[in-house]
Structures are given as structure tokens and as C-alpha cells.
Amino acid sequence: RGRAPRLVVNVEKVRLTGKDKGAANAVAGQRGRADTALVRLDRSLDAALGIATTDPSHFVDALVRLRAGAASVNSVFAAALGDAVDAFRAGKDMTPALVRARRALLGAPRAGNAAVPWSGSWSGKP
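Cut-off values and rules
- Residues numbered from 1 in each chain as written.
- Predicted model: local features only at pLDDT ≥ 70, side-chain atom pairs only at ≥ 80, totals over all residues.
- Heavy atoms only, no water.
- Core = buried A, V, L, I, M, F, W, Y, C linked by side-chain atoms within 4.5 Å.
- Buried < 20%, exposed > 50% of the residue type's maximum accessible area, 1.4 Å probe, protein only.
- Helix = DSSP H or I, 4+ residues; strand = E, 2+ residues; numbered from the N terminus.
- Contact = heavy atoms within 4.5 Å.
- Expected span 1.5 Å × (residues − 1).
- Polar contact = N/O pair within 3.5 Å; in protein donor to acceptor, adjacent residues only side chain to side chain.
- Axes fitted to C-alpha atoms, helices over the stretch in contact; angles between N-to-C directions.
- Parallel < 35°, antiparallel > 145°, perpendicular 65-115°, else oblique.
- Left-handed = near helix turned anticlockwise from the far one by under 90°.
- Nonpolar A, V, L, I, M, F, W, Y, C, P; charged D, E, K, R; others polar.
- Salt bridge = Lys/Arg side-chain N within 4 Å of Asp/Glu carboxyl O.

Caption draft 1: View of the nonpolar core. Core analysis: the biggest nonpolar cluster contains 29 residues, and Phe59, Leu63, Phe77, Leu81, Met94 and Leu98 have the highest contact counts within it. Mapped by element, the contributors of at least two residues to this core are helix H1 (11-14), helix H2 (36-50), helix H3 (56-70), helix H4 (75-89) and helix H5 (95-106). A per-element tally of this core places H4 first, with eight residues. Phe77 has contacts with Leu41, Leu45, Leu66, Ala70, Ala101, Ala104 and Leu105, leaving out every residue within four places of it along the chain.

Right, dumping it as C-alpha cells:
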């Protein structure tokens, strides 16, 4: 009834497809094969993010259901989702909590080692 509360979330950042502090995110596109439970949770989070801007109340309901389903599989992910729901209820930005949730599924961003020089068949080095 009435107008849905304003939802504050940067969907691109949560999906790890946007820029983070001016640099491209190292995790985007580097997902390895994971067990099916983590893949299912990741897909469920993506589905929920798909309705984040169009239907905020159902988005939060989806996060609550996802948190309940994830509690036994990945407690760090479930806790971050709980923080996101709490932030929503307090009228705060949900983005940091949702980024923590996504990283709980995918792991920390990986970056190359600048001390190791490039090598390969193109450089003449084995």
C-alpha cells in the first residue's frame, strides 16, 4: 500500500561488473567451476538483482528467502545478505553488504603479480 520505499543499491557493483575505485574489477569474468550449491546461490542472487530497481519490495523478500536457503551452505554469504536487508530497513545503502555477499560466493578479487614478468611462446621464453 502506498509507495515502495526507496531502494539504494548499485546493481552493477554488486554483480562485480562495474568499476571499483577507478579500476576494472579483477573478478568479473573469472568465475571458475564451483560446486552446484554456490552456483545456485549465485544465480539466485543474480535473479534477485534483476528485480532490484523495478520491484524493491519483492527484491528484499527474495534476499530474505535466499538468506534462509544459504544459511547451511555458506554462512558468510547469508550473514552479508542479512546485513543488506538490515541496511534496507534502516534506509541505508545496501551495496557494501551485497558486494560482501557476492565476494563470499566468488572469493576475493585476484590480481596478477607485478614482480613476475610476462612470458610465453610469443616472447621466446619457455
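There's plenty left to go through after this.
Caption draft 2: Seen up close, H4. Over its 15 residues, H4 runs 21 Å from end to end, which matches the ideal 21 Å to within 8%, given 1.5 Å per residue. Among the residues of H4, those classed as buried are Phe77, Ala78, Ala80, Leu81, Gly82, Ala84, Val85, Ala87 and Phe88. The elements touched by buried residues of H4 are H2, H3 and H5. The opening residue of H4, the one whose side-chain oxygen lies 3.3 Å from the backbone nitrogen of Val76, is Asn74. Of the residues flanking the end of H4, it is Gly91, one or two places downstream, whose phi is positive at about 75 degrees.

Caption draft 3: Geometry of the packing of H4 against H5. It is the contact of H4 with H5, at a shortest axis distance of 8 Å, that shows an interaxial angle of 165 degrees. For the element pair H4 / H5, the angle class is roughly antiparallel. Considering the relative orientation of H4 and H5, their crossing is left-handed. Listed contacts from H5 to Val76, Phe77, Ala80, Leu81, Asp83 and Ala84 of H4 are Ala97, Leu98, Arg100, Ala101, Ala104 and Leu105. Split into classes, the residues belonging to the contact of H4 with H5 amount to 10 nonpolar, no polar and two charged.

Caption draft 4: Representation of the pattern of salt bridges. Within this structure, the stated rule accounts for three salt bridges. Two residues, Arg100 and Asp83, come together in a salt bridge whose shortest N-O distance is 2.6 Å. Of the two residues, Arg100 is situated in helix H5 and Asp83 in helix H4; the sequence distance between them amounts to 17 residues. On the accessibility criterion, Asp83 (37% relative accessible area) is partly exposed. Each member of the salt-bridge network shares a partner with another, and the members are Asp42, Asp46 and Arg102.

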